[in-house]
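One-letter residues, chain by chain:
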Amino acid sequence: MSIEEISKRIKECKKCGLWKTRNNAVPGEGNKNAKIMIIGQAPGKQEDILGRPFVGKAGKFLTQALEKFGKKREEFFITSIIKCFPPYNRKPSKKEIENCLPYTIQQIKTIKPKMILILGEIACEALINKKFSEVRGKFIAKDGIKFFVTFHPSAAMRFKRIREKFIQDLDLFFKFYG
Ligand code: URA
Ligand code: SF4
C-alpha cells in the first residue's frame, strides 16, 4: 500500500474514539524513501490544528536538535504511534494504541527504513515491547529492522538532565548511522 493510501485511511479512520474530537488526523510526513523513520507518541494541539507531525513546541525543539547534527527534518519520515490528538494531551490508552498501531506498522512496511528512531516510552513499548529504561540509548534489532530508543523531545525540552542525555543519544545515533 502506498504512503498516500495509508494517509487517506488514517484521515478517514474511526477505529477508536479519538476521531470524534480531532480536527485533523496526523498521518505523518516526510521522505517516502527515508532511511530513517522517527516515531513519537501522539499529536498535540498544534499538530491537530495543522494535521502535521511535530510542529508544536516539542516539534520545534526536535527540528532544532536534528539541525545541530546537520540534518533537515525533510530527510526523514516523521510520525507518531497515535495519529489523532488525545484531548488534554492525555496519555493514549492501551486500546487506542492497539487500534492505531497497524497504521504505523504499515508505514514501516511501505517505507522500509534501515533504522527507526523511537522517541519516548509509548513508542518504545508499542514498537519493540521493551521497558524504556532498559533500552534507552541502545540499538535494538527486531524483525530485521534496527531501532534506537531515546527520550521524547517534550521531556528533553523541559528537563536539563534529560536534554543532555537526549543530545548524547542523538550524537551516538548519527555517529553510528552517519
Ligand atoms: N509529540 C509527538 O509524539 N508527536 C507529535 O506529532 C507531536 C508531539
Ligand atoms: Fe483511528 Fe488511530 Fe485516529 Fe484512533 S487514533 S481514530 S485508531 S487513526
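Residues numbered from 1 in each chain as written. Chains lettered and ligands numbered in written order. Predicted model: local features only at pLDDT ≥ 70, side-chain atom pairs only at ≥ 80, totals over all residues. Heavy atoms only, no water.

Asks: So what's going on with the site of ligand 2? Residues and values would help.
Replies: The local shell around ligand 2 consists of C13, K15, C16, L18, W19, R22, K83, C84, N99, C100 and Y103. Given that more than half its atoms are within 2 Å of the pocket grid, ligand 2 belongs to the largest cavity. Here the shell around ligand 2 is built from residues that sort into 7 nonpolar, 1 polar and 3 charged. (Near = heavy atom within 4 Å. 1 Å grid on protein atoms, 1.4 Å probe; cavity = no way out; pocket = protein on both sides within 12 Å on 5 of 7 lines; lining within 4 Å. Sits in = over half its atoms within 2 Å of the grid points. Nonpolar A, V, L, I, M, F, W, Y, C, P; charged D, E, K, R; others polar.)

Asks: I'd like a rundown of the pairing of strand β4 (residues 115–119), residues and numbers included.
Replies: When you tally the buried positions in β4, you get 5 out of 5 residues, the bulk of the element. Every second residue of β4 is oriented toward a common face, with M115, L117 and L119 on one face and I116 and I118 on the other, all of them buried. In the sheet, strand β2 (residues 36–40) pairs with β4 via 4 bridges, with the strands oriented parallel. Paired with I38 across the bridge in β4 is L117. Sheet topology note: the β4/strand β6 (residues 145–150) ladder contains 5 bridges and is parallel. Along β6, the bridge assignment pairs I116 with F147. (Buried < 20%, exposed > 50% of the residue type's maximum accessible area, 1.4 Å probe, protein only. Helix = DSSP H or I, 4+ residues; strand = E, 2+ residues; numbered from the N terminus. Pairing = 2+ DSSP bridges.)

Asks: I'd love a proper account of the packing of aromatic side chains, names of residues and values included.
Replies: Counted according to the given criterion, the structure contains 9 aromatic pairs. Ring geometry for F76 versus F174: centroids 6.3 Å apart, planes at 55°, classification tilted. Taken together, the positions of F76 in the loop between α3 (57–68) and β3 (77–80) and F174 in helix α8 (residues 160–177) put the pair 98 residues apart, joining distant regions of the chain. When its relative accessible area of 3% is taken as the criterion, F76 is described as buried. With a relative accessible area of 7%, F174 lands in the buried category. (Phe/Tyr/Trp six-rings, centres within 6.5 Å; stacked < 30°, edge-to-face > 60°.)

Asks: So what's going on with the site of ligand 1? Residues and values would help.
Replies: Taken together, G40, Q41, A42, P43, E47, P53, F54, S80 and H152 make up the full set of residues adjacent to ligand 1. Here an oxygen atom of ligand 1 sits 2.6 Å away from a polar atom, N or O, in the main chain of Q41. Here ligand 1, which alone exposes 230 Å², has 93% of that area covered by the protein. When atoms are counted within 2 Å of each cavity's grid points, the one that captures over half of ligand 1 is the largest pocket. A class-by-class count of the residues in the shell around ligand 1 yields 4 nonpolar, 4 polar and 1 charged. (Polar contact = N/O pair within 3.5 Å; in protein donor to acceptor, adjacent residues only side chain to side chain. Areas by Shrake-Rupley, 256 points an atom, 1.4 Å probe, with all protein chains shown as cover.)

Asks: Lay out the pattern of salt bridges with the relevant residues and their values.
Replies: This structure, assessed with the given rule, holds 11 salt bridges. K142 is paired through a salt bridge with D143; the nearest N and O atoms lie 3.5 Å apart. We classify D143 as exposed; its relative accessible area is 69%. Notably, a salt bridge pairs K160 with E164, separated by 3.2 Å at the nearest N-O pair. Of this pair, K160 and E164 both sit in helix α8, 4 residues apart, roughly one helical turn. By relative accessible area, which is 55% here, K160 ends up exposed. We classify E164 as partly exposed; its relative accessible area is 41%. (Salt bridge = Lys/Arg side-chain N within 4 Å of Asp/Glu carboxyl O.)

Asks: Can you lay out the sheet that holds β6 for me, pointing to particular residues and giving the numbers?
Replies: Strands sit in the order β1-β3-β2-β4-β6-β5 across an open sheet of 6 strands; the sheet is mixed. Strand pairing shows two members of the sheet lacking a second neighbour, β1 (29–30) and β5 (139–142), which therefore form its edges. When β2 meets β3, the two strands line up parallel, connected through 4 bridges. Bridged to M37 within β3 is F77.

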